[in-house]
Amino acid sequence: MMIKLFLIISITVSLYSKDIYVKYRGYINVDNGNFEHIDISYSSLVKDIFYDKENEYLLVKLNSTYYHYCGVIQPITESWFKSSSLGRYYLQNIKGKYDCRVFPMPKY
């Protein structure tokens, strides 16, 4: 009985503590209160998005890999989420434009 209870508690804790691996950065806990999660289920390229508007920091999952972008202002993300194609908007307006070696990268 104790083992079952421990497993249930462990599974529940892991559901609420989300560390994701971001290429070129490492692990980030997106449950730290800074990130807004944008659920994506309708794009063939963009699979998941986390955005920290205070730090203008964007995490984007393309296929199975998360990438990060720094200095992304909120109006850009709002336009992106309203666009007719998330993948096309990403390729034209985000990819290659918000390099974390140029813009400040937040510390979590």
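Summarised in this report is the structure supplied together with it. What you see is a predicted model; the values in this text were computed from it and never measured. (Residues numbered from 1 in each chain as written. Predicted model: local features only at pLDDT ≥ 70, side-chain atom pairs only at ≥ 80, totals over all residues. Heavy atoms only, no water.)

**Structural notes on the packing of helix 2 (residues 74–82) against helix 3 (residues 86–93)**
Part 1 of the argument: Where helix 2 meets helix 3, the closest approach of the two axes is 8 Å, and the angle between their N-to-C directions is 145 degrees. In this structure, helix 2 contributes I76, S79, W80 and F81 to the contact, and helix 3 contributes L86, Y89 and Y90.
Part 2 of the argument: Class assignment of the residues belonging to the contact of helix 2 with helix 3 gives a composition of six nonpolar, one polar and no charged. (Axes fitted to C-alpha atoms, helices over the stretch in contact; angles between N-to-C directions. Helix = DSSP H or I, 4+ residues; strand = E, 2+ residues; numbered from the N terminus. Contact = heavy atoms within 4.5 Å. Nonpolar A, V, L, I, M, F, W, Y, C, P; charged D, E, K, R; others polar.)

**What to know about the environment of Y98**
Part 1 of the argument: In this fold, Y98 is placed in the segment after helix 3.
Part 2 of the argument: We classify Y98 as buried; its relative accessible area is 13%.
Part 3 of the argument: Taking the C-alpha atoms as reference points, Y98 and C70, 28 residues apart in sequence, are found 5.3 Å from one another.
Part 4 of the argument: In this view, Y98 contacts Y69, C70, G71, V72, I76, N93 and F103; residues no more than four positions away in its chain are not counted. (Buried < 20%, exposed > 50% of the residue type's maximum accessible area, 1.4 Å probe, protein only.)

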